[in-house]
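One-letter residues, chain by chain:
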Amino acid sequence: MRGQEDARRRDREDPGHRDLFHVPPAEGGRYPEAAYLAGNSLGLQPKSTRADVLAELDAWATRGVAGHLDGEHPWLPYHEELREPAARLVGALPTETVVMNSLTVNLHLLMVSFYRPRGDRIRILVEEGLFPSDSYAVRSQASFHGLDPDETVIRSVDVRETLAAYGDRIALVLLGGVDYRTGELRDIPGITALGQEAGAVVGWDLAHAAGNVPLRLHDWGVDFAAWCSYKYLNSGPGAVAGAFVHERHLAAGLPRFEGWWSTDPTTRFRMEPVARPPATADAWQVSNPPILAMAPVRTSLSIFDKVGMDALRARSLRLTGYLMELLDPRLVVTPREPGRRGCQVSLRVPDAAGLTKALRYGHGVVADEREPDIVRLAPVPLYSTYHDCWRAAEAVAAEVGTR
Ligand SMILES: Cc1ncc(COP(=O)(O)O)c(C=O)c1O
């Protein structure tokens, strides 16, 4: 196995931006800091987040209601400040992007517009291992349309094959951009094109993709997408999420669930009974945004803007490549091809919960598990180090007995 000195040398030659983040202390092992490899679950807190949240608390304390219009970051147009950096992150036009709500809520709001079952074309195609929240969401959408979820939702192990066989009956395809268990990066442009050729609308859950892999949602022609901000976007537990609607749908008059934030901001305070939605993704907003929760997203997006997704992706591939080299290949279930993986390296082990616990309390390595047999290790290029990867591989080898 490559040694600790080699890891330290790599960190000197290829440093990330760990100094921008709070790294929790280790709960076991020989090193003071945790080897934090759980940024795919909850990203670490940027050191600048606290000041940015406090600034909004101060604005509230000192300005009261005037904070909506005055101050450095007035609250009324606050979400507009997040639009462009979020659009850059997912490869979208600013008009196609909105930061709002949480992920599953956004999927629902988007499916209200994009899942329109008609005639024989009523089925929803999802992947076999779809994240449970998304599965509950699509099933409840089917019920909402008076359909039987068991007859409507197709859980497919081979999406391309299912599209070829049943494409003419599929109204909506909803998939995860990066598989939350294996860390596999899906062929988002390829599957989007296939689904659309079959006549379906194609949407993506980008929870594990946003801030992890470069995305080109506009160019790929994705119909709609949503993502969360608490994983790779480091915006805190339950952070405000994002949504994308392709430009070609913006002026199409799609049905929507609306509230006062769906309407044109220049006429919002006329208090008219009928909304006048702008031809932008903002039209999918419903309520006024939670500013104290939006501030960490603004902080985080500014870090992505400074560092750049391409640089992060390059370092991510170097870190995961190094980690995979150190791990017993028999345990790794994540695809090895760079184009088919993001930050996350998943292991299949007999006792995932037991191993995760041992890594944390015995070695100070923070990973997480997905029942029954997956342990996930995610070196995040913003703050993880080669030394973190080396510690994780040493700890896995010691615990699984594959040294
Ligand atoms: C792939 C995926 N989809 C959906 C969700 C649910 O997100 P939320 O609770 O923010 O709606 C998660 C949460 O971890 C997730 O990993």
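Keep in mind that this is a model prediction, so the values were computed, not measured.

Participant: Got a sec to walk through the pairing of strand 5 (residues 170–176)? Specific residues and values, please.
Facilitator: Most of strand 5 is tucked away: seven of the seven residues are buried. Where strand 3 (residues 123–127) and strand 5 come together, four bridges link them in parallel fashion. Its bridge partner being in strand 5, R123 is matched across the sheet by I170. With five bridges connecting them, strand 5 and strand 6 (residues 201–205) associate as parallel partners. By the bridge assignment for strand 6, G176 is matched with D205.

Participant: Break down the site of the ligand for me, citing the residues and quoting the values.
Facilitator: As a matter of local geometry, the ligand sits amid L103, T104, F131, D134, D205, A207, H208, Y230 and K231. A distance of 2.7 Å separates an oxygen atom of the ligand from a polar atom in the side chain of Y230. Class assignment of the residues belonging to the shell around the ligand gives a composition of four nonpolar, two polar and three charged.

Participant: I'd like a description of the packing of aromatic side chains, backed by residues and values.
Facilitator: One pass over the full model with this rule turns up eight aromatic pairs. When the ring of F114 is compared with that of F224, the centres are 5.0 Å apart and the planes differ by 15°; the resulting orientation is stacked. Here the residue F114 occupies a position in helix 4 (residues 103–114), and F224 occupies one in strand 7 (residues 224–227), the gap between them amounting to 110 residues. Residue F114 shares its accessibility class with F224, and that shared class is buried. Here the aromatic rings of W260 and W261 are separated by 4.9 Å at their centres, their planes lie at 70°, and the arrangement is edge-to-face. Feature note: the residues F21, Y36 and Y383 constitute an aromatic cluster, connected by ring pairs.

Participant: How would you sum up the pattern of salt bridges? Please name residues and give values.
Facilitator: Within this structure, the stated rule accounts for 29 salt bridges. In this structure, D150 and R139 form a salt bridge, with 3.0 Å as the shortest nitrogen-oxygen distance. Taken together, the residues D150 in helix 6 (residues 149–152) and R139 in helix 5 (residues 132–144) connect sequence positions 11 residues apart. Under the relative-accessibility criterion, D150 is labelled exposed at 54%. Overall, R139 belongs to the partly exposed group, its relative accessible area being 32%. The shortest N-O distance in the salt bridge between R186 and D179 comes to 2.8 Å. D179 shares its class with R186; the two are buried. A single network of salt bridges, built from pairs that share partners, joins R2, D6, R9, R10, E13 and E325.

Participant: So, the sheet that holds strand 2 (residues 97–99): which residues are in play, and what are the values?
Facilitator: Pairing is mixed across the open sheet formed by seven strands, whose spatial order is 2-8-7-6-5-3-4. The sheet is open, and its two borders are formed by strand 2 and strand 4 (153–156), each paired with just one other strand. Each strand of the sheet is rotated relative to its neighbour by a mean of 15°, with strand direction disregarded. Where helix 5 meets the sheet, it contacts strand 3, strand 4, strand 5 and strand 6, and its direction lies at approximately 150° from that of strand 4.

Participant: Lay out the packing of helix 13 (residues 352–363) against helix 14 (residues 386–400) with the relevant residues and their values.
Facilitator: Where helix 13 contacts helix 14, the two axes come as close as 10 Å, and the packing angle between them is 120°. With respect to helix 14, the axis of helix 13 lies oblique. Handedness of the helix 13/helix 14 crossing: right-handed. For the pair helix 13 and helix 14, contact is made by L355, A358, L359 and H363 and by R391, A395, V396, A398, E399 and V400, respectively. Each residue belonging to the contact of helix 13 with helix 14 can be placed in one class, and the counts come to seven nonpolar, one polar and two charged.

Participant: Could you give me a rundown of the sheet that holds strand 9 (residues 345–348), with the residues and numbers involved?
Facilitator: An order of 9-12-11 is seen for the three strands of this open sheet, with the pairing classed as antiparallel. Pairing within the sheet leaves two strands with one partner each, and these edge strands are strand 9 and strand 11 (368–370). Direction aside, neighbouring strands of the sheet carry axes that sit 30° apart on average. Taken together, the three bridges between strand 11 and strand 12 (residues 374–377) define a ladder with antiparallel strand orientation. The partner of D368 across the bridge, within strand 12, is R376. Strands strand 11 and strand 12 of the sheet are contacted by helix 13, whose axis makes an angle of about 35° with strand 12.

Participant: So what's going on with helix 1 (residues 4–13)? Residues and values would help.
Facilitator: Of all the positions in helix 1, only D6, A7, R10 and D11 are classed as buried. Buried residues of helix 1, seen end-on, are gathered within an arc of 140° and therefore sit on one face of the element. More than 90 degrees from the buried face of helix 1, the exposed residues found are E5, R12 and E13. The inward-facing, buried residues of helix 1 contact helix 12 (309–326) and helix 14.

Participant: Any chance you could break down the nonpolar core for me, citing the residues and the numbers?
Facilitator: Counting 60 residues, the largest nonpolar core has V173, W204, L206, L215, L217, W227 and L382 as the members making the most contacts within it. Listed by contribution, the elements that provide at least two residues to this core are helix 3 (78–90), helix 7 (159–166), strand 5, helix 8 (188–197), strand 6, strand 7, helix 11 (291–307) and helix 12. Considering every element that reaches this core, the biggest residue donor is helix 11, with eight residues. Both domain 1 (4–40 + 308–400) and domain 2 (78–305) contribute no fewer than three residues apiece to this core. Each residue touching V173, except ones within four places of it in the same chain, is listed here: L125, L163, A200, V201, V202 and G203.

Calculation criteria
Residues numbered from 1 in each chain as written. Predicted model: local features only at pLDDT ≥ 70, side-chain atom pairs only at ≥ 80, totals over all residues. Heavy atoms only, no water. Buried < 20%, exposed > 50% of the residue type's maximum accessible area, 1.4 Å probe, protein only. Helix = DSSP H or I, 4+ residues; strand = E, 2+ residues; numbered from the N terminus. Pairing = 2+ DSSP bridges. Near = heavy atom within 4 Å. Polar contact = N/O pair within 3.5 Å; in protein donor to acceptor, adjacent residues only side chain to side chain. Nonpolar A, V, L, I, M, F, W, Y, C, P; charged D, E, K, R; others polar. Phe/Tyr/Trp six-rings, centres within 6.5 Å; stacked < 30°, edge-to-face > 60°. Salt bridge = Lys/Arg side-chain N within 4 Å of Asp/Glu carboxyl O. Axes fitted to C-alpha atoms, helices over the stretch in contact; angles between N-to-C directions. Contact = heavy atoms within 4.5 Å. Parallel < 35°, antiparallel > 145°, perpendicular 65-115°, else oblique. Left-handed = near helix turned anticlockwise from the far one by under 90°. Arc of directions from axis to C-beta. Core = buried A, V, L, I, M, F, W, Y, C linked by side-chain atoms within 4.5 Å. Domains from an automatic or database assignment.

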